[in-house]
Amino acid sequence: MLSLEKISELLGKDSDILLQHESKTISRDLLHLPGPDTVNRIYRPSSRNPQVLRSLGQLFNSGRLAGTGYMSILPVDQGVEHSAGASFAKNPAYFDPENIVKLAIEGGCNAVASTFGVLAAVSRTYAHRIPFIVKINHNELLTYPNKADQVMYGTVQEAWNLGAAAVGATIYFGSDNADRQLVEVSQAFELAHELGMATVLWCYLRNEAFKKDVDYHLAADLTGQANHLGVTIQADIIKQKLPEVNGGYKALNTGSSSYGKLDERIYTELTTTNPIDLCRYQVANCYMGRMGLINSGGASQGEADLADAVRSAVINKRAGGAGLISGRKAFQRPMNEGVALLNAIQDVYLSSAVTVA
């Protein structure tokens, strides 16, 4: 179990900025914060049927974070999204789906999120041991030239048949294909709820125009709105990249360009430059936390991965988020090291000393 001193050491020069920050933007009192009663307090009053509530209960009551209201999820869909070779060359053992699920179990995760193929290959052995989240659509990198589009790889019924507790999907908001993806995923989520499965939406931005002087794919204002669109189609859990900048709407409203709508108070009252406040704006757009926000653990950078993972967990938790989803940092290294990294993330959420700002 990581002590507060160890967490502070891993945060390095950002320790005070992250651990001592008191948010003055959107009050924590306005948020629906994670807790042991999350399913009963937050999801039960909604239109979710009893089978969906049971599936959400499975997700929130598995692994080391069971009963806390927080989630630690292992996502391994990169074999399609990034190519299997690029993803598994560092540790070829993970070409075998069983090792993916074993890592999630040994790492104390609430759930494992992966492809139809991965989870179907081992479903009779593991579907009753750890909740499965089947990722139902993907981008692929064999089309030349590469294009950014999420297409369905199977059916919601197929996910239910292999024992999934939830389905996951990505929408590339801002892309040429966003409207079609929005319709496909909203219909898929409706069917998933009818069958009793929970839904997780990767609310990603994708448009070359968002890459200006900085990468506004990671802007708090734009990712926040993507989250708001995600909860609009009744995603139960929102997965988003941590914001690193702000002002996406303002940057894209330059010269003769007119993009979206904004209010200056987004930047002067609802956010600051502190990473926790930027993330809190994402949480606020998830109906003030009614639908849990889990942030991405990001790519593997080598020796800095442990510190980066702990930093991401601290930001998400102190912002009012519901957990972290970390894949490459965990599976692109020996299994014992991957387990230790996942446990470190979970230790942040188990620590009573790391509070909501």
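Residues numbered from 1 in each chain as written. Predicted model: local features only at pLDDT ≥ 70, side-chain atom pairs only at ≥ 80, totals over all residues. Heavy atoms only, no water.

- The name given to the protein chain in an unreviewed UniProt entry is fructose-bisphosphate aldolase, with Chitinophaga flava as the source organism.
- Under the Sequence similarities (unreviewed entry) heading, UniProt states for the protein chain: "Belongs to the DeoC/FbaB aldolase family. FbaB subfamily." (UniProt positions renumbered as here; feature names shortened; annotations may be inferred.)

A short note on the overall build of the protein chain
Thought 1: Check the secondary structure of the protein chain and you find 17 helices and ten strands.
Thought 2: Taking 357 residues into account, the globule formula puts the C-alpha radius of gyration at 21 Å, and the protein chain, at 19 Å, falls close to it.
Thought 3: Along the first, second and third principal axes, the C-alpha set of the protein chain runs to 55 × 50 × 45 Å.
Thought 4: Out of the 357 residues in the protein chain, the part that is buried amounts to 56%.
Thought 5: Long-range contacts, defined here as pairs at least 24 residues apart, represent 73% of the contacts in the protein chain between residues at least 6 apart. (Helix = DSSP H or I, 4+ residues; strand = E, 2+ residues; numbered from the N terminus. Rg over C-alpha atoms; globule rule 2.2 N^0.38 Å. Buried < 20%, exposed > 50% of the residue type's maximum accessible area, 1.4 Å probe, protein only. Contact = heavy atoms within 4.5 Å.)

Observations concerning the side chain of Q78
Thought 1: Assignment of secondary structure puts Q78 in helix α5 (residues 78-88).
Thought 2: Overall, Q78 belongs to the buried group, its relative accessible area being 6%.
Thought 3: Once residues lying within four places of it in the same chain are set aside, the contact partners of Q78 are S83, A84, S87, R328 and F331.

So, the packing of helix α15 (residues 305-319) against helix α17 (residues 335-350)
Thought 1: Taken N-terminus to C-terminus, the directions of α15 and α17 make an angle of 25 degrees; their axes are 9 Å apart at the nearest point. Here α15 is positioned roughly parallel relative to α17, judged by the angle of their axes. Here α15 runs over α17; the crossing is right-handed. Touching D305, L306, A309, V310, A313, V314, N316 and K317 of α15 are L341, A344, I345, V348, Y349 and L350, all from α17.
Thought 2: Here the residues of the contact of α15 with α17 sort into eleven nonpolar, one polar and two charged. (Axes fitted to C-alpha atoms, helices over the stretch in contact; angles between N-to-C directions. Parallel < 35°, antiparallel > 145°, perpendicular 65-115°, else oblique. Left-handed = near helix turned anticlockwise from the far one by under 90°. Nonpolar A, V, L, I, M, F, W, Y, C, P; charged D, E, K, R; others polar.)

Topic: helix α14 (residues 275-284)
Thought 1: Summarising burial for α14: ten of the ten residues are buried, a large majority.
Thought 2: Here α14 has its buried residues at P275, I276, D277, L278, C279, R280, Y281, Q282, V283 and A284.

A word on the pattern of salt bridges
Thought 1: Under the defined criterion, the tally for this structure stands at 16 salt bridges.
Thought 2: Here E81 makes a salt bridge to K135, at a shortest N to O gap of 3.6 Å. You can see E81 sitting in helix α5 and its partner K135 sitting in strand β3 (residues 132-135), a full 54 residues away along the chain. Taken individually, E81 and K135 each receive the classification buried, so the pair is uniform in this respect.
Thought 3: The network of salt bridges with shared partners includes K13, D14 and R311. (Salt bridge = Lys/Arg side-chain N within 4 Å of Asp/Glu carboxyl O.)

Describing the nonpolar core
Thought 1: In this structure, L59, L74, F132, L201 and V310 are the most contacted members of the largest nonpolar core, which totals 112 residues.
Thought 2: Those residues in contact with L59 that sit more than four places away from it in its chain are M71, N110, A111, P131, I133, A166, A198 and I237. (Core = buried A, V, L, I, M, F, W, Y, C linked by side-chain atoms within 4.5 Å.)

Here we look at the packing of helix α11 (residues 220-232) against α14
Thought 1: At their nearest, the axes of α11 and α14 sit 8 Å apart, and the two run at 25 degrees to each other. Considering their axes alone, α11 and α14 lie roughly parallel with respect to each other. The hand of the α11/α14 crossing is right-handed. Side by side, α11 and α14 meet where A220, D221, T223, G224 and N227 of the first sit next to L278, Y281 and Q282 of the second.
Thought 2: Of the residues assigned to the contact of α11 with α14, the class counts are three nonpolar, four polar and one charged.

A short note on the pairing of strand β2 (residues 111-114)
Thought 1: Here β2 shows two buried faces, one formed by A111 and A113 and the other by V112 and S114.
Thought 2: Where strand β1 (residues 71-76) meets β2, four bridges bridge the pair, whose relative direction is parallel. Among the inter-strand pairings, P75 is bridged to a residue of β2, identified as A113.
Thought 3: Strand direction decides the pairing type here: β2 and β3, joined by three bridges, are parallel. Bridge assignment links V112 to a residue of β3, and that residue is F132. (Pairing = 2+ DSSP bridges.)

A closer look at the packing of aromatic side chains
Thought 1: For the structure on display, the rule yields seven aromatic pairs.
Thought 2: Ring centres of F88 and F95 lie 5.3 Å apart, and the angle between their planes is 70 degrees; on these two criteria the pair is classed as edge-to-face.
Thought 3: Given a relative accessible area of 48%, F95 falls into the partly exposed group.
Thought 4: An aromatic cluster of three or more residues is present, and its members are F88, Y94, F95 and F331.
Thought 5: Here the guanidinium or amino end of R206 rests over the ring plane of Y172, the centre of that ring lying 4.2 Å away.
Thought 6: Its end group placed over the ring of Y204, K241 keeps NZ or CZ at 4.7 Å from the ring centre. (Phe/Tyr/Trp six-rings, centres within 6.5 Å; stacked < 30°, edge-to-face > 60°. Lys NZ or Arg CZ within 6 Å of the ring centre and 35° of its normal.)

So, the environment of Q51
Thought 1: Relative to the helices and strands, Q51 is located in helix α4 (residues 50-60).
Thought 2: For the pair Q51 and A198, spaced 147 residues apart in sequence, the C-alpha to C-alpha distance is 8.9 Å.

Considering unusual backbone geometry
Thought 1: P145 follows Y144 through a cis peptide bond whose omega is -10 degrees.
Thought 2: Mapped onto the fold, P145 is located in the loop between β4 (137-138) and β5 (151-152).
Thought 3: You will see that M288, though not glycine, has its phi angle at about 55 degrees, which is positive.
Thought 4: Note on placement: M288 falls in the loop between α14 and β9 (292-296).
Thought 5: The exposure class assigned to M288 is partly exposed, which follows from its relative accessible area of 25%.

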